[in-house]
Amino acid sequence: MTTSLGKLDDFALDAAVAVKADGESYVVVRSSEAPDEVCVVVNKCPHAGLSLTKGPRGGYEDGVITCPWHNSSFNVCTGENLDWTPGFAGVSAPKWSRKLIAMGKSPSPLTVVAATVQDGEVLIP
């Protein structure tokens, strides 16, 4: 059983697009380097479970999505954490404060969802 997240052409190139399916929110990224493929992650930062696409700042650029709440950044295709809680709401914080912002949580990756494109549809298991 698979779930459709939408038509491939509905996802702009080089943008992170939030979609809902089966009660869950996902982020879909389609790169201009591989326009027939997508990367999909669950739309929750592993730090506090907040949206990666709604908030005061954040964004997506060159394969990296930045949490709008605590500035953590991640490789959107692998889920790898690249920087853990370096600030708050887009504002950088001093290095000594990172542990406070992290609230005792260790760096964690995003939840990556295996996605395929079949007949122009983006599908997840």
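To keep things clear, this report deals only with the structure shown in the data block. (Residues numbered from 1 in each chain as written. Predicted model: local features only at pLDDT ≥ 70, side-chain atom pairs only at ≥ 80, totals over all residues. Heavy atoms only, no water.)

**Side note on the overall build of the chain**
Our working definition: What counts as a helix is a DSSP run of H or I of at least four residues, what counts as a strand is a run of E of at least two, and both are numbered from the N terminus. Two things to know: the radius of gyration comes from C-alpha atoms, and the globule rule equals 2.2 Å times the number of residues to the power 0.38. We call two residues in contact when some of their heavy atoms are within 4.5 Å. For the accessible areas, the method is Shrake-Rupley and the probe is 1.4 Å, while residue cover comes only from the protein chains on display. In this charge count, Lys and Arg are treated as positive and Asp and Glu as negative; neither His nor the chain ends contribute. All charge positions are set by atom: Lys at NZ, Arg at CZ, Asp at CG, Glu at CD.
Of the regular secondary structure elements, the chain holds 1 helix and 13 strands. Listed N to C, the secondary structure of the chain is β-β-β-β-β-β-β-β-β-β-α-β-β-β in terms of helices and strands. Relative to its length of 125 residues, the chain is compact, with a C-alpha radius of gyration of 15 Å against a globular reference of 14 Å. The principal-axis extents of the C-alpha atoms in the chain amount to approximately 50 × 30 × 20 Å. Here the analysis covers contacts within the chain between residues at least 6 apart in sequence; of these, 36% occur between residues at least 24 apart. Total accessible area on the chain is roughly 7,000 Å²; 52% of this is exposed by carbon and sulfur atoms. Of the side chains in the chain, 10 bear a positive and 14 a negative charge, and the two mean positions are spaced by 15 Å.

**Concerning the sheet that holds strand 3 (residues 24-29)**
Definition in use: Two strands qualify as a pair provided DSSP detects at least 2 bridges between them.
Taken in spatial order, the 4 strands line up as 2-3-4-11 in an open sheet, and their pairing is antiparallel. In the strand order of this sheet, the two ends are held by strand 2 (16-21) and strand 11 (112-113), each with one partner.

**Structural notes on the sheet that holds strand 5 (residues 59-61)**
Sheet strands associate in pairs through backbone hydrogen bonding, adopting either a parallel or an antiparallel arrangement. Counted only if it meets this: Axis lines are fitted to C-alpha atoms, over the contacting stretch for helices. Their N-to-C directions set the angle, which ranges from 0 to 180 degrees.
The strand order 5-6-7-8 describes an open sheet built from 4 strands, whose pairing is antiparallel. The open sheet has two edge strands with one neighbour each: strand 5 and strand 8 (81-83). Strand-to-strand twist of the sheet, defined as the mean angle between neighbouring strand axes without regard to direction, takes the value 25°. Pairing between strand 7 (residues 73-75) and strand 8: 2 bridges, direction antiparallel. Bridged to Ser73 within strand 8 is Asp83.

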